[in-house]
Amino acid sequence: MNLEKRVLSNRIPCHIAIILDGNGRWAKKRKLPRTFGHKVGADNLKKTTINCSKLGIKVLSVYAFSTENWNRPKEEVDYLMKLPLELEKSFKGNFKKHDIKVMFSGRRDRFSKENIELLSKIEEKTKERSGLILNICFDYGSYTEMLTATKEICDLYKNDRIKLDDINEELFSSHLYTKDLPKLDLLIRTSGELRISNFLLWQLAYSELYFTKKLWPEFNNKQLLVAIDNYQKRNRTYGGLKEKK
Ligand code: FPP
């Protein structure tokens, strides 16, 4: 049986997350500017979104800009800030065709007014769609996400809206950006780095992890199938002995 058939005949992960790493190195290898690597990376994100949608994956979360990425050179940050507009312009027809809903997770207060409006516009325009959800983590960091949730919960407690015993996993999860999304099944990181880098720390408690040396611009449909095939061979016990169905 070929790889695609095998993957499709097994359980498809519902929610995949990807740390899109290696754009800079991909460009450097070709003596091209880092920003060109991000351009090719953004094109690859579009292709991967469609590939995931075709495989029946329900949610694709991607780490597009971290809370720490503001420390990069201004030229690079400026380029990355233009990517949501580029995505909107170049891909809206295709996203509609595949019924893709787009959401952004992360801080909004450090973006330009134009970008703040654009992110809301994209979310608003696609919110009724029922196909794959593309969750773009943009100015995202898990520390910020969890601290914000903690402050919101403390506020509820202070105002007598909840009791101490009401604070549990479910309540905490309901204060995260991912509150409406299914549990994360598989986290992929490209480029050979073996780190999580402040990405979805709460959500990946029981996710499977997959690391590949391929740089993000090289991560094609075949690589995606290899990652899912590898995931399908894992025995997910959630701390117990038998796999949960
Ligand atoms: C990490 O590679 C990549 C990023 C910081 C940006 C990734 C963003 C995209 C692929 C596009 C996102 C699209 C939208 C619509 C926002 P790196 O620069 O750290 O690579 P390096 O480790 O090789 O230097």
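Residues numbered from 1 in each chain as written. Predicted model: local features only at pLDDT ≥ 70, side-chain atom pairs only at ≥ 80, totals over all residues. Heavy atoms only, no water.

Draft legend 1. Spotlight on the sheet that holds strand β6 (residues 208-211). Strand order in the open sheet formed by 6 strands is β3-β4-β2-β1-β5-β6, with parallel pairing between adjacent strands. With one partner strand each, in any of the chains shown, β3 (101-105) and β6 form the two edges of the open sheet. Pairwise comparison of adjacent strand axes, ignoring direction, gives a mean angle of 20° for this sheet. Pairing analysis gives 4 bridges linking strand β1 (residues 15-19) to strand β5 (residues 186-189), with the strands arranged parallel. Note that in β5 the partner of Ala17 across the bridge is Leu187. Across the sheet, helix α9 (residues 221-232) touches β1, β5 and β6, and the angle it forms with β6 is around 140°. (Pairing = 2+ DSSP bridges. Helix = DSSP H or I, 4+ residues; strand = E, 2+ residues; numbered from the N terminus. Axes fitted to C-alpha atoms, helices over the stretch in contact; angles between N-to-C directions. Contact = heavy atoms within 4.5 Å.)

Draft legend 2. Representation of the pattern of salt bridges within the structure. If you walk through the whole model with that rule in mind, you get 22 salt bridges. Asp43 serves as the salt-bridge partner of Lys46, at 3.4 Å between the closest nitrogen and oxygen. Of the two residues, Lys46 and Asp43 both sit in helix α3 (residues 34-55), 3 residues apart, roughly one turn of that helix. According to the relative accessible area criterion, Lys46 is buried, its value standing at 6%. Between Glu86 and Lys46 there is a salt bridge, and its shortest N-O distance comes to 3.2 Å. Here Glu86, found in helix α5 (residues 83-97), pairs with Lys46, found in helix α3; they are 40 residues apart in sequence, far enough to count as distant. Overlapping salt bridges, with partners in common, bring together Asp21, Arg25, Arg189, Glu193 and Arg195 in one network. (Salt bridge = Lys/Arg side-chain N within 4 Å of Asp/Glu carboxyl O. Buried < 20%, exposed > 50% of the residue type's maximum accessible area, 1.4 Å probe, protein only.)

Function-wise, these values are silent; they only describe arrangement.
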